[in-house]
There are 2 protein chains.
Amino acid sequence: MKILIVLAHPEPKSMNGALFTTAIETLQAAGHEVKTSNLYAMRFNPVSDSSNFTRLQNATFFKQQLEEMHATETGSFAYDVDQEQEKVEWCDLMIWQFPLWWFSVPGILKGWVDRVFAMGRFYGAGKYYEQGIFSGKKALLSLTTGGEEGAYLKDGFNGDIINMLKPIHRGIFGFTGWSVLHPHIVYGPARLSPEAREAELNKWKKRLLQAVDEQPIEVGTY
Amino acid sequence: MKILIVLAHPEPKSMNGALFTTAIETLQAAGHEVKTSNLYAMRFNPVSDSSNFTRLQNATFFKQQLEEMHATETGSFAYDVDQEQEKVEWCDLMIWQFPLWWFSVPGILKGWVDRVFAMGRFYGAGKYYEQGIFSGKKALLSLTTGGEEGAYLKDGFNGDIINMLKPIHRGIFGFTGWSVLHPHIVYGPARLSPEAREAELNKWKKRLLQAVDEQPIEVGTY
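No experiment lies behind these values; they were computed from the predicted model shown. Counting from 1, residues in each chain are numbered in the order their sequence is written. Written order determines the labels here, with chains lettered from A and ligands numbered from 1. Only residues with pLDDT of at least 70 get local features here, since the model is predicted, and only at 80 or more are side-chain atom pairs given and counted; chain-wide, interface and lining totals rely on the full set of residues. Excluding hydrogens and water, the side-chain figures rest on all heavy atoms present in the structure.

Trainee: What exactly am I supposed to notice about the pattern of salt bridges here?
Mentor: Charged atoms that come close allow side chains of opposite charge to pair. Any Lys or Arg side-chain nitrogen located within 4 Å of an Asp or Glu carboxyl oxygen qualifies as a salt bridge. Going through the model one piece at a time under the given rule, you end up with 14 salt bridges over all chains. As a salt-bridge pair, A:Arg115 and A:Asp80 come within 2.9 Å of each other at their nearest N and O atoms. Residue A:Arg115 is located in helix H5 (residues 107-116), and its partner A:Asp80 is located in helix H4 (residues 79-90); the two are separated by 35 residues in the primary sequence. Look at A:Arg115 and you get buried, because its relative accessible area is 1%. Measuring nitrogen to oxygen at the nearest pair gives 2.6 Å for the salt bridge that ties B:Lys110 to B:Asp114. Linking B:Lys110 with B:Asp114, this pair stays in helix H5 (residues 107-116), spanning four residues, or about one helical turn. On the basis of relative accessible area, B:Asp114 is assigned to the buried category, the value being 2%. Within the structure, one salt-bridge network assembled from shared partners comprises A:Asp82, A:Glu89 and A:Arg121. Each helix is a run of H or I in the DSSP string that is no shorter than four residues. Each strand is a run of E no shorter than two, and both are numbered from the N terminus. Relative accessibility decides the category of a residue: with a 1.4 Å probe and only protein chains considered, values under 20% of the type maximum give buried, values over 50% give exposed, and everything between is partly exposed.

Quick look at the structure:
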């Protein structure tokens, strides 16, 4: 299977860094092809604007979706955007590895979506949701939290984490046709003992080997 | 009243640009003090990492929340972060003006939150939700959408927009104590006639003058 792993964490020594490295090694050892986008290491620019394109249809009034459709037709996405689009188009399974910041993805990952998931190339002209361009492909969120598991349950301190992730599961993956796998969550890694951290990495290895054959979850609507 | 308006749109001529300018003029004319953060014009850096700080507690293993608490104690937030924190602390009402991208805020605004809403300074040590640091202050989302209003109703094409905004209303504003005003939404500005556009700007002027006295909405939990 062709697998893209996107990492959004500033510290390579972090749990997110370890989960990312573990995923690459585990999946390659199992015979899968792996490509990566380590957004901090790449110094990926997450500010979506006219820099997404090598040429503009209208240089005096920037309308992003019109420029995206124009760039799809004329092949004029900027190199950094196009490279990411090709990786997303190439993969059968896409994994996002990130810390949950403000109950969502870090800004660098949100900006990656803003720039890379372009109208025309990734959606539009009737290609949405069940008819989405990425139908048949799978997407998997792998994230860490600041708090303990109990804080992310329904009626917990923060509330149901699955509901928190719906804007990503439904609004990004669902909108563009991906099937969504159950998210993999490591709660409060900052407070784990070295043994518990190792156990979490082993759990992730097992999950990864299963994930390639897993059935998607129902994401539901808003 | 002291009002901070944060804008996240790359095109000054856009509807978002017009709503931003209208808000500044309307509120100042009504005698309010207004400060702004025009994130694209400022070229605000939305990538949260060690650049948030002038000194690090641990330069060999970056742990953001620990550094945030350290920076709160020692006054060592980077200048660009500190300037934004001071504006947020100064205001009684904060307005975010942005286009809904992927059912959320643009990456540049998400990254502004990641960097500016720091542990220690903006939350922590029991100061969360109803006991949050910004209790008594109001926050208002003013946004534009790509689609028509019907697409953002429950069981509409995309679903209930109020539910989509919950990670912001509950997870960012609620978490740090803000009272949330009903969001102001302009649907599909790209397809509005010049007259309909002008009518939307007039509607926004009226809403702004009411907003300073409005009662907050119930945001609910996940």
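Trainee: Help me out: how do you make sense of the packing of helix H1 (residues 15-29) of chain B against helix H8 (residues 194-211) of chain B in this one?
Mentor: The geometry of a pair of packed helices is captured by two quantities: the angle between their axes and the separation between those axes. Residues and elements named next belong to chain B. Following both chains from N to C, one finds H1 and H8 inclined at 40°, their axes separated by 10 Å at the closest point. When the axes of H1 and H8 are compared, the pair comes out oblique. As H1 packs across H8, the resulting crossing turns out to be right-handed. Contact with H1, carried on its side by Met15, Ala18, Leu19, Thr22, Ala23, Thr26 and Leu27, involves Arg197, Glu200, Leu201, Trp204, Lys205, Leu208 and Leu209 of H8 and no other residues of that element. Residues are grouped as follows: nonpolar covers Ala, Val, Leu, Ile, Met, Phe, Trp, Tyr, Cys and Pro; charged covers Asp, Glu, Lys and Arg; every other residue, Gly included, is treated as polar. Tallied by class, residues from the contact of H1 with H8 come to nine nonpolar, two polar and three charged. Interaxial angles span 0 to 180 degrees and are taken between N-to-C directions of axes, which are lines fitted to C-alpha atoms, for helices over the stretch in contact. Oblique is the label for every angle not falling under 35 degrees (roughly parallel), over 145 degrees (roughly antiparallel), or within 65 to 115 degrees (roughly perpendicular). Helix crossings fall into two classes, left-handed where the near helix is turned counterclockwise from the far one by less than a right angle and right-handed where it is turned clockwise. A contact between two residues is defined here by any heavy atoms of the two lying within 4.5 Å.

Trainee: Quick question: what am I supposed to make of the side chain of B:Glu11 here?
Mentor: Residue and element names in this part refer to chain B. Within the secondary structure, Glu11 sits in the loop between strand S1 (2-7) and H1. In summary, the charge assignment counts Lys and Arg as positive and Asp and Glu as negative, without counting His or the chain termini. Buried charge without a partner: Glu11 forms no salt bridge, and the closest opposite charge is Lys13, 5.0 Å away. Counting of polar contacts relies on pairs of N or O atoms within 3.5 Å, with two restrictions inside protein: one atom must be capable of donating a hydrogen and the other of accepting it, and residues adjacent in sequence are counted only when both atoms are side-chain atoms. A distance of 3.0 Å separates the side chain of Glu11 from the backbone nitrogen of Lys13, its partner in a polar contact.

Trainee: What should I look at first to understand the environment of A:Leu165 in this one?
Mentor: Residue and element names in this part refer to chain A. In this structure, Leu165 sits in the loop between helix H6 (161-164) and helix H7 (166-173). Taking the C-alpha atoms as reference points, Leu165 and Ala8, separated by 157 residues in sequence, lie 16 Å from one another. Excluding residues that lie within four positions of it along the chain, Leu165 makes contacts with Leu100, Leu141, Leu143 and Pro183.

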